[in-house]
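Structural overview
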Amino acid sequence: MMIITIYVIIAAIFLLTLKAAFGPTVWDRLLALNLISAKTVMLLTAYSVYTGDLRLLDISMSYVIVGFLGVALLSSFILRGGRQK
Amino acid sequence: MMIMISNILLVLCWIYIAFGIVGLFRFRNVYARLLTGSKIDTAAMITLLLALMLRSESWEFSAKLLVILLFIIVTTPVGSHIIARSAFDSGLPVKLIEEEPGLTDSDSEEGGK
């Protein structure tokens, strides 16, 4: 059950990478980046519970913070400077 | 019993991820993609973390997963709202009424050919 969940999350990350590569606008790529960071957290927590390793949960907690800060700063940068659509 | 509820929640998580990916590739407006992507991804995250909390043995796993769940519930809708606000303030139009006939015309032309 856990193995199938991990494979489903990996397939979703692959499709979202395609979306981030060929997205029509900049905000599609930002949305794909946000979803990829959330899927990375899901993958880390699922693998941590599957192997019984407690230290991976700290790493996933830091991934949540890094993903949120990256999306917020990139969105603010696009709003101020870049006007390409 | 706990493992059974956890399996049901994991199947719900797969269904949410599949609907999110399909909606992300099928919609043509940026705001619709933002809506379906963020909402369904938050639902998948909540169901997966609840399933893992039911599945884990010790209480330390459950406490750390609960902290991650609370942080995800706060930050993921905020990130989606930041992206939508950046798109709207930067001048991306919301064409819900004017875009529908164009879509149907292009679809009918493609279907006719």
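Residue numbering note: each chain is counted from 1, following its sequence as written. Here every chain gets a letter starting at A, and every ligand a number starting at 1, in the order they are written. Given that this is a predicted model, residues contribute local features only at a pLDDT of at least 70 and side-chain atom pairs are listed and counted only at 80 or more, while totals for whole chains, interfaces and linings are drawn from all residues.

1. Some points on the overall build of chain B
The secondary structure content of chain B amounts to 4 helices and 0 strands. Per the convention used, a helix needs a DSSP run of H or I reaching at least four residues, while a strand needs a run of E reaching at least two, with both numbered from the N terminus. Start at the N end of chain B and walk to the C end: the helices and strands fall as α-α-α-α. Whether a residue is buried, exposed or partly exposed is read from the other C-beta atoms within 10 Å of its own C-beta, which are placed from the backbone; 20 or more gives buried, 12 or fewer gives exposed, and intermediate counts give partly exposed. With 113 residues in all, chain B has 33% of them scored as buried. Taking all contacts inside chain B whose residues are at least 6 apart in sequence as the whole, residues at least 24 apart take part in 64%. Once C-beta atoms have been placed from the backbone, residue pairs whose C-beta atoms lie within 7 Å are recorded as contacts.

2. Some points on the interface of chain A and chain B
Many authors give the size of an interface as the accessible area that is lost as the parts come together. Contact residues are listed per partner, giving 30 residues for chain A and 37 residues for chain B. Of all the secondary structure elements, the ones that give two or more residues to the side of chain A that touches chain B are α1 (2–22), α2 (26–51) and α3 (55–80) of chain A. When residues of the side of chain A that touches chain B are assigned to their parent elements, the largest contribution, 11 residues, is made by α2(A). All amino acids are sorted into three groups, where Ala, Val, Leu, Ile, Met, Phe, Trp, Tyr, Cys and Pro are nonpolar, Asp, Glu, Lys and Arg are charged, and the leftover types, Gly among them, are polar. Residues of the side of chain A that touches chain B, tallied by class, amount to 21 nonpolar, 6 polar and 3 charged.

3. Looking at the confidence of the model for chain A
A residue's pLDDT is the predictor's confidence in that residue, given on a scale from 0 to 100. Predicted confidence across chain A gives a mean pLDDT of 87, with 94% of residues reaching 70 or more. Mean pLDDT across the secondary structure elements of chain A bottoms out at α3(A), with 88, and peaks at α1(A), with 91.

4. Some thoughts on the environment of L79(A)
By the secondary structure assignment, L79(A) is in helix α3. In this structure the C-alpha to C-alpha distance between L79(A) and V26(A), which are 53 residues apart in sequence, comes to 11 Å.

5. Thoughts on the environment of G67(A)
With respect to the helices and strands, G67(A) occurs in helix α3. By the C-beta count within 10 Å, which is 22 here, G67(A) ends up buried.

6. Overview of helix α1 (residues 2–26) of chain B
To estimate how far a helix should reach, multiply one less than its number of residues by 1.5 Å. Taking 1.5 Å as the rise per residue, α1(B) with 25 residues should run 36 Å; its terminal C-alpha atoms sit 36 Å apart, in good agreement. All of the buried residues in α1(B) are L10(B), C13(B), Y16(B), I17(B), G20(B), I21(B) and L24(B). The inward-facing, buried residues of α1(B) contact α1 of chain A together with α2 (30–55) of chain B.

7. Quick notes on the environment of L12(B)
All names here are of chain B. You can see L12 is positioned in helix α1. Of the residues examined, L12 has 17 C-beta atoms within 10 Å and is grouped as partly exposed. For L12 and W59, which are 47 residues apart along the polypeptide, the C-alpha to C-alpha distance reads 24 Å.

8. Structural notes on the nonpolar core
Of all hydrophobic cores here, the largest spans 45 residues; its most connected members are L48(B), L52(B) and I83(B). Among the elements that take part in this core, α2(A) stands out by supplying 13 residues, more than any other. Each nonpolar core reported here comprises buried Ala, Val, Leu, Ile, Met, Phe, Trp, Tyr and Cys residues connected via C-beta atoms within 7 Å.

9. Here's the deal with the packing of α1(A) against α1(B)
In this description, a line fitted to the C-alpha atoms serves as the axis of each element, helices being fitted only across the stretch in contact, and the angle between N-to-C directions of two axes falls anywhere from 0 to 180 degrees. Where α1(A) contacts α1(B), the axes come no closer than 11 Å and their chain directions differ by 10°. One element, α1(A), and the other, α1(B), form an angle in the roughly parallel class. Once α1(A) is placed against α1(B), the crossing between them reads as left-handed. In this structure, α1(A) contributes T5(A), V8(A), A12(A), L15(A) and K19(A) to the contact, and α1(B) contributes L10(B), C13(B), W14(B), I17(B), I21(B) and L24(B). Comment on the angle field: the value is read as roughly parallel under 35 degrees, roughly antiparallel over 145, roughly perpendicular from 65 to 115, and oblique elsewhere. Crossing handedness is read from the near helix: turned anticlockwise from the far helix by less than a right angle, it gives a left-handed crossing, and turned clockwise, a right-handed one.

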